[in-house]
Amino acid sequence: MKNDRLIINELPPLPRAYFLLLILFNSASAQDAAADSTQKTINRTCFGCHNEKLKSGSLSLQGLKASDIAASTPEWEKILRKVRGGEMPPPAGPKLSDEARASVVAHVEKSLDENFSRKPNPGTPSIHRLNRAEYSNAIRDLLALDLDHSATLPSDDSGYGFDNIGSVLTTSPMLLEKYLSTARRVARLAVGTIKAAPAIERYTQKSREVLTTDQMPLSVRNGFAIQRYFPLDAEYSILVRMRGTPDPLLPVSQLDIRVDGQRAKLLEANVDPAEENQVTRNFEIRVPLTAGMHSIGAGLLVESPKTESGVQQRRGFGPPPSFGLGIDYITIGGPFQPKGPGETASRKRIFTCRPSAALSETACANKILTPIARRAYRRPIQPTELQPILKIFAEGRKDGGSFDSGIETALRAILVSPNFLFRVENTPAGLAPGTSHKVSDLELASRLSFFLWSSVPDDELLRLASNKQLRPVLAQQVKRMLADPKANSLVDNFAGQWLQLRNIAGWKPDPDKYPAFDDSLRAAFQKESELFFAHIVEQDRSVLDLINADYTFLNERLARHYGVPNVKGSYFRRVSVNPAERGGVLSQGGILTVTSYPTRTSPVLRGKWVLENILGSPPPPPPADVPDLEDHASTSPKDLRAALEKHRASPACASCHSRLDPLGFSLENYDAVGRFRKAEGGSTIDATGALPNGKILDGPQGLKQVLMSRQDEFVDCLTEKFLTYALGRGLESSDQPTVRQIRRETAKKDYRFSALVQSIVDSVPFQMRRNPEP
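Given the structure is predicted, the values throughout are model-derived calculations rather than measurements. (Residues numbered from 1 in each chain as written. Predicted model: local features only at pLDDT ≥ 70, side-chain atom pairs only at ≥ 80, totals over all residues. Heavy atoms only, no water.)

Asker: I tried to follow the environment of Ala92 on my own but got confused; where do I start?
Answerer: Tracing the backbone shows Ala92 in the loop between helix H3 (73-84) and helix H4 (98-118). Using a relative accessible area of 83% as the deciding quantity, one classes Ala92 as exposed. Along the backbone, Ala92 and Pro692 are 600 residues apart, and their C-alpha atoms lie at a distance of 9.4 Å. (Helix = DSSP H or I, 4+ residues; strand = E, 2+ residues; numbered from the N terminus. Buried < 20%, exposed > 50% of the residue type's maximum accessible area, 1.4 Å probe, protein only.)

If you want it as structure tokens, here you go:
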């Protein structure tokens, strides 16, 4: 084709025009032939069920024309998804050859995408209230104050799988009261005007961070660390409560208490298990701490058995469950003998000046509050906008009796302003309803920062956007932002919801059936998946690693659970794994656990998870009159398979379960807490299943092979999830051409994560906005 164009360009004008008309004529003829072929295929294979009388799946194809796909875009998008995924026609329906299927997909996709190119529809995101995570991150970036606001702000509703969807982020009088009280607390802590009375707070392992090398040394076990903000320079008490029974074959345990990774005290944990009041289980120290964020950790040094017989008895994976000490909880008390607010990172960030003979209080307040308001409101601040804030400063100065009190009051006003709490995009004056326009540079900066950082734009983004210089350097800014530690919000907020990692914390497998499952393993499950996704982001790996990686991230506890040898210590590291058993998100214990029941695995839940989150083809809800599957704790994998086969015999169930069950069966080598097994209860695990197209899945490796052969569907699914998250709205049929274009652009760059992100940022829905109809 390229050589043809070169030849045509060398022709004189009249022959050249003739050849161009001939090419256009041939192209139109080919399109007409493709439309005619698609129409015949649809009539033969689909119309028998999807007609006005039956309307199977609530879809009628009556009147749909393959020659005018633009007239029925939503319906043709449904057809494209079902035909491309091999879901239609159903196994019992008319047969469709691979060649005919490919022909239908090619024509429909080409027509839909060409129509979008002619009439792009970027959609209209709703007004967006900052959700709890975005609020927390914004406070961190504005005031250098990294706090957990879960105790003061309620969790947010979710829509389309994410909690940053504008249309469901509603506001109520109660929520506004919460914002007022939270702003008061934040401003006082940031400025240092808080008057903290001595108090005690308890922390358990459920609020811990998984041990890292800078918090605990490798020689420490059975411990945890917490992050906490200390309001004043003062003394604080750290009390560690021990649980468990000392092992008589081991020497007295050594309790290692650490502050910011450094040893504060090493104590002998001489616990008397026979003592009734258990006072010997409490170990308390006092330490002076500066105001600000500190990590507090406690753990036990690894011991050696006293005797050779003890060595023999302790070989393997650890002591019997009846022995062993651990940390029950840590309490923090104080402040005692406070010395003042100190020089915290927040005070350094806020107080860029101090009143003096040369600088009045009002002028200094103006200098302090203008850049804070600029970043909080995500745009330049006009002098007239700052006057009400300065008036509030003056009132706070008068009531509190100090310059700092005035700044605190003004900060509270900024943090409850609608300009901070809501993201609103404006429509240019005179723009007709139903037409589209590019969002402003400042609006684009906010879209970009809340997408990649779940936070407000930084100074560099705002400077570029204010000068209308952001779009020319957008690629460089995306690269810079992905390299910033704040991009870890993609792990917490995107992957945490897409992969359902947030569900791990509340999942409780049956302790009788799975006694080895504990909080340490639960935390390791979550850490593995988070580190795995973060590695793909930071190293710019192919997103196909999510399916087919030959590595994961393990510490000793998790490696022991998985049966992976030669992994020692509590810190996590990248480990190569056997691809037949591990690798990719589908073999990670956290995901396998939250897609199981407390007493057994669930091929249905796991198959549904794959369809929804990997292939982007969720099944419809089950009919109301379908009986539940018989389930009890003693159900064996063999009996479960038989029950599902019986369930599938019902025509009402077969259409969905023929897709769900094979995917779930291929993961049956993993039990309900993610351990790999080849047999259970004396029976060999059958991890095979037949897809509707006759393809046989054989175990996790077979599933990965099938998913890699359908990688376009996976990348489309990941793109849909990511685009939904980036835009803060649900996708519509008009967005599907964008999804496919992003997938094609990403494929050109070997599916690198950065290519996916850049393609989303460059897309029409991200760059533009549609003026809604009245």
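This is not the end of the story, as more comes after the structure.
Asker: Can you help me understand the packing of aromatic side chains in this one?
Answerer: Each aromatic ring pair is summarised here by two numbers: the centre-to-centre distance and the angle between the ring planes. Considering all chains together, one arrives at 20 aromatic pairs under this definition. For the pair Phe451 and Phe722, a centre-to-centre distance of 5.5 Å together with 85° between the ring planes defines the contact as edge-to-face. A residue pair is termed long-range when its members are at least 10 positions apart, and Phe451 in helix H13 (residues 441-452) and Phe722 in helix H25 (residues 711-727) qualify at 271 residues. The pair formed by Phe451 and Phe722 is uniform in burial state, with each residue classed as buried. Between Phe532 and Tyr551, the ring centres sit 5.6 Å apart and the planes meet at 45°, which makes this aromatic pair tilted. With Phe532 in helix H17 (residues 519-538) and Tyr551 in strand E12 (residues 551-554), this pair connects stretches of sequence that are 19 residues apart. Across the pair, exposure class does not vary: Phe532 and Tyr551 are buried alike. Linked through ring pairs, Phe162, Phe451, Phe494, Trp498, Phe533, Phe722, Tyr725, Phe753 and Phe766 together constitute an aromatic cluster. Looking at Arg286, its charged tip hangs above the ring of Phe336, at a distance of 4.0 Å from the centre. (Phe/Tyr/Trp six-rings, centres within 6.5 Å; stacked < 30°, edge-to-face > 60°. Lys NZ or Arg CZ within 6 Å of the ring centre and 35° of its normal.)

Asker: Sorry if this is basic, but what is going on with the pattern of salt bridges here?
Answerer: Side chains carrying opposite charge are able to pair once their charged atoms draw close together. In this structure the tally under the stated criterion is 40 salt bridges. The partner of Glu713 in a salt bridge is Arg710, with the nearest N and O atoms 2.9 Å apart. Shared partners join several salt bridges into a network, and the residues in it are Glu77, Glu109, Asp113, Arg740 and Arg744. (Salt bridge = Lys/Arg side-chain N within 4 Å of Asp/Glu carboxyl O.)

Asker: Can you walk me through the pairing of strand E6 (residues 262-269) in this structure?
Answerer: Along any regular strand, the residues point their side chains to alternate faces of the sheet. For strand E5 (residues 253-259) and E6, the ladder comprises seven bridges, and the chain directions are antiparallel. Within E6, the position partnered with Val259 by the bridge is Gln262. Taken together, E5 and the strand that follows it, E6, pair antiparallel across an intervening segment of two residues, in which Asp260 is found at a positive phi of about 55°. (Pairing = 2+ DSSP bridges.)

Asker: Hey, could you run me through the pairing of strand E4 (residues 233-245) in this one?
Answerer: With 11 bridges joining them, E4 and strand E9 (residues 324-340) adopt antiparallel strand pairing. Within E9, the position partnered with Val240 by the bridge is Ile330. One ladder, built from eight bridges, connects E4 with strand E7 (residues 282-289); its direction is antiparallel. Looking across to E7, one finds that Ala234 is bridged to Leu289.

Asker: Got a minute to help me understand the sheet that holds E4 in this structure?
Answerer: The pairing of strands in a sheet comes from backbone hydrogen bonds and takes either a parallel or an antiparallel form. Read from one edge to the other, the open sheet built from four strands follows the order E2-E9-E4-E7, with strand pairing classed as antiparallel. If you trace the sheet from one side to the other, it starts and ends with strand E2 (199-203) and E7, each paired once. Along the sheet, successive strands turn relative to each other by an average axial angle of 20°, direction set aside. (Axes fitted to C-alpha atoms, helices over the stretch in contact; angles between N-to-C directions.)

Asker: Teacher, can you tell me more about the state of the cysteines here?
Answerer: Note on terminology: disulfide describes a covalent bond linking the sulfur atoms of two cysteines. Inspection of every chain in the model, using the stated rule, returns one disulfide. With its sulfur 2.1 Å from that of its partner, Cys353 forms a disulfide with Cys364. Judged by the torsion about the S-S bond (115°), the Cys353/Cys364 disulfide is right-handed. Linking Cys353 in the loop between helix H8 (345-350) and helix H9 (361-377) with Cys364 in helix H9, this pair joins segments that are 11 residues apart in sequence. With no disulfide of its own, Cys46 has Cys49 as its nearest cysteine by sulfur position, at a separation of 8.6 Å. Since its relative accessible area comes to 39%, Cys49 is described here as partly exposed. (Disulfide = S-S within 2.5 Å.)

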